[in-house]
Amino acid sequence: MQPRPSAVGLVVSDMAASLAFYRSLGLEVPDEPAPHVEIAFGGLRLLLDTEETVASFDPSFTPPTGAGRVGLALECDSPAEVDAAYARITGAGYRGHLAPFDAFWGQRYASVLDPDDVGVDLFAAST
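Nothing here was measured: the structure is a model prediction, and the numbers come from that model. (Residues numbered from 1 in each chain as written. Predicted model: local features only at pLDDT ≥ 70, side-chain atom pairs only at ≥ 80, totals over all residues. Heavy atoms only, no water.)

*Asks:* Would you mind showing me how to read helix α3 (residues 79-91) here?
*Replies:* In an α-helix, one full turn covers 3.6 residues, which means residues spaced three or four apart are oriented alike. In this model, α3 (13 residues) spans 18 Å end to end at C-alpha, consistent with the 18 Å of a helix rising 1.5 Å per residue. The complete set of buried residues in α3 reads Pro79, Val82, Ala85, Tyr86 and Ile89. Buried residues of α3, viewed axially, fall in a sector of 120 degrees; they line one side. Pointing more than 90 degrees away from the buried face of α3 are the exposed residues Ala80 and Gly91. Where the residues of α3 are buried, they touch α1 (15-24), β5 (95-102), β6 (107-113) and β7 (119-125). (Helix = DSSP H or I, 4+ residues; strand = E, 2+ residues; numbered from the N terminus. Expected span 1.5 Å × (residues − 1). Buried < 20%, exposed > 50% of the residue type's maximum accessible area, 1.4 Å probe, protein only. Arc of directions from axis to C-beta. Contact = heavy atoms within 4.5 Å.)

*Asks:* Could you clarify how one ought to interpret the layout of surface pockets in this entry?
*Replies:* Empty space among the atoms can be located by rolling a probe the size of a water molecule over them. As a volume, the largest pocket reaches approximately 250 Å³. Lining the largest pocket are 15 residues, and of these Val11, Pro64, Arg69, Asp116 and Val118 lie nearest its centre. With three residues, the top contributor of residues to the lining of the largest pocket is strand β1 (residues 7-12). (1 Å grid on protein atoms, 1.4 Å probe; cavity = no way out; pocket = protein on both sides within 12 Å on 5 of 7 lines; lining within 4 Å. Points joined across faces, edges and corners; volume = space filled by probe spheres on them.)

Right under this line is the structure:
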């Protein structure tokens, strides 16, 4: 038996802020923050753990700094949905990183940042 993909884990500095962000993307997110939260994520699970939780079982843990360590990508049904999702997220006060554009590789593409600067790309095949 081989290991198989099951989850993507993120260490978050503010669980409530992270849950609100991922809820605004349309994911089914619990209402109450907890030190560890699991969210259905396209056949996988998105695992969110507070910095304190990780430090409780890994004494050498140091909270990461800076952006670009992990990236998530969410597929939209259409180029218009990319634009609408980007507008909804940034309109809710979250930071846009790349405004929607028609990428040379044949996708409508955009990127937003979660509260810990994790990039979340939004994309759809160009029509």
